[in-house]
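Architecture at a glance
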Amino acid sequence: MTSRPANHANPPGRPARPGPVRDLGGGLHEVDTLTAGMGSVTAGFLIEAPRPTLIECGPSLSVNAVIAALRKLGMDPGDLAYLVLTHIHLDHAGGAGDVAEAFPGATIVVSEVGARHLVEPERLNASSRRVYGPLMDTVYGDCTPIAEQRIRGVADREVLDLGGGRRLDLLYTPGHAKHHIAAFEPDLGALFVGDSVGVKLPGMTMIRPATPPPDFDLVLAHRTLKRYAALNPEVIYLAHYGAVDPPQESLAEAGERLQMWADVAEAAYLEHAELDHVADTLAQRFADEVAFTADDPETEGRVRLMIDPRSNAMGLLRYLSKREERPPAR
């Protein structure tokens with residue numbers, strides 16, 4: 001296991017404050033991961049079933065709040081059957097090693113494309129440190145290794161049997177990342193989409209696309225949104241943050257906003273192909289999508305943490321430059 005930074009949000013030996021839990025009905029609970037010590041940044045979702053399943057766990061520096069919340073819900077160390085990770089970015093999966101240690105019977109379910117990075121997370125951590133910079137030591141922290149036998153790498157259309165007739169249909173949904181999956185619970189009509197639909201935090205007026213490096217792909221992202229629409233879900237749950245409604249209108253909005261961001265980034269790129277110029281252009285064009293309110297003092301902090309236009313610009317620039325390098329179609 002890798003060592004924790006000294007300013008760990010939940011230092012070893014100090015009891016964690018449980019993340020707030022909201023009962024969504026049908027045996028589904030929203031667990032706030034308290035990422036960066038703030039509420040409504042990253043959600044986990046616990047499905048109560050004969051094989052209890054947690055979807056997303058948040059970063060390692062706040063995962064003790066998730067574990068404490070599960071304990072408060074009555075989950076003993078042997079109870080959790082599955083931890084499903086939509087992708088291996090550290091704001092979703094960074095605490096997976098800690099969850100595996102706290103619940104030794106749990107299987108960690110992740111795309112087969114990204115599974116090896118949880119067994120040997122050195123490259124994942126190094127890449128994340130380049131992207132997050134100082135936030136690695138204050139918000140995210142390193143992902144710790146998970147034994148290979150604890151991990152189930154899944155392909156498209158695999159089914160996770162939760163027992164009692166309940167299941168999760170797992171879908172390979174690249175675009176945001178090449179190792180992204182979604183989970184559909186057909187009894188509830190609930191679709192858990194990670195970051196593949198985008199981000200809509202409290203205080204945001206529109207869904208904002210999430211287009212980070214290194215492998216954002218605009219074509220695949222649109223294809224994933226169309227696939228979701230074909231499922232006709234009853235409710236869509238974003239990791240950042242919670243349900244968006246109504247589902248079909250939200251998916252249409254996500255597609256429109258995604259294309260708008262890509263078009264603005266491409267126009268800026270053609271003017272001046274430097275990151276600062278593209279990031280500044282995006283920030284100015286979409287500044288009115290956030291409404292800071294005095295009654296929610298965390299709004300500004302969570303928005304600045306999760307929707308930095310520079311990260312989106314980095315991913316869009318990489319996509320545009322790679323697209324130019326491709327040979328023309330015959």
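Quick notes on the rules
- The numbering scheme is per chain: residues are counted from 1 as the chain's sequence reads.
- A pLDDT threshold of at least 70 governs which residues receive local features in this predicted model, and a stricter bar of 80 or more applies before side-chain atom pairs are shown or counted, although totals over entire chains, interfaces and linings include all residues.
- Each side-chain value is derived from all of the structure's non-hydrogen atoms; neither hydrogens nor water enter the calculation.
- A pair is scored as a salt bridge if a Lys or Arg side-chain nitrogen falls within 4 Å of a carboxyl oxygen belonging to Asp or Glu.
- Think of it this way: any DSSP run of H or I at least four residues long counts as a helix, any run of E at least two long counts as a strand, and we number them from the N terminus.
- Between buried and exposed lies partly exposed: a residue is buried under 20% and exposed over 50% of the maximum accessible area for its type, with that area taken using a 1.4 Å probe on protein chains only.
- Summary of the metric used: pLDDT quantifies the predictor's per-residue confidence within the range 0 to 100.
- Contacts: residue pairs with any heavy atoms within 4.5 Å of one another.
- Only strands that DSSP links by at least two bridges are regarded as paired with each other.
- Here, axes are lines fitted to C-alpha atoms. For helices the fit covers the stretch in contact, and angles between N-to-C directions go from 0 to 180 degrees.
- Throughout this description, a polar contact denotes any pair of N or O atoms lying within 3.5 Å of each other; where both atoms belong to protein, one of them has to be capable of donating a hydrogen while the other can accept it, and for residues adjacent in sequence the pair is counted only when both atoms sit in side chains.

1. Concerning the pattern of salt bridges
Within the structure shown, the criterion is met by 16 salt bridges. Here Arg166 makes a salt bridge to Glu185, at a shortest N to O gap of 2.7 Å. Here Glu185 lies in strand 10 (residues 181–185) and Arg166 lies in strand 9 (residues 166–172), a separation of 19 residues in the sequence. In this structure Arg166 comes out as buried when scored by relative accessible area, which is 14%. Under the relative-accessibility criterion, Glu185 is labelled buried at 0%. Between Arg302 and Asp296 there is a salt bridge; the shortest N-O distance is 2.9 Å.

2. Topic: the confidence of the model for the protein chain
For residues with low pLDDT, the predicted coordinates do not support detailed interpretation. Chain-level pLDDT for the protein chain is 92 on average; 94% of the residues reach the 70-or-more range. Segment residues 1–9 is flagged for pLDDT under 50; beyond a separation of four residues in sequence, or across chains, it makes 19 contacts in the model.

3. Overview of the sheet that holds strand 5 (residues 82–84)
Strands sit in the order 1-2-3-4-5-6-7 across an open sheet of seven strands; the sheet is mixed. A single partner strand is all that each edge strand has here, and the edge strands are strand 1 (21–25) and strand 7 (151–154). Going from strand to strand, the sheet's axes swing by 25° on average, the running direction of each strand aside. Note: strand 3 (residues 43–47) against strand 4 (residues 53–55), three bridges, orientation antiparallel.

4. Topic: the side chain of Glu289
With respect to the helices and strands, Glu289 occurs in the loop between helix 9 (275–285) and helix 10 (299–306). On the accessibility criterion, Glu289 (1% relative accessible area) is buried. Polar side-chain contacts of Glu289 include one of 3.2 Å to the side chain of Arg208. The residues contacting Glu289, other than those within four sequence positions of it, are Gly203, Met204, Thr205, Met206, Arg208, Arg257 and Trp261.

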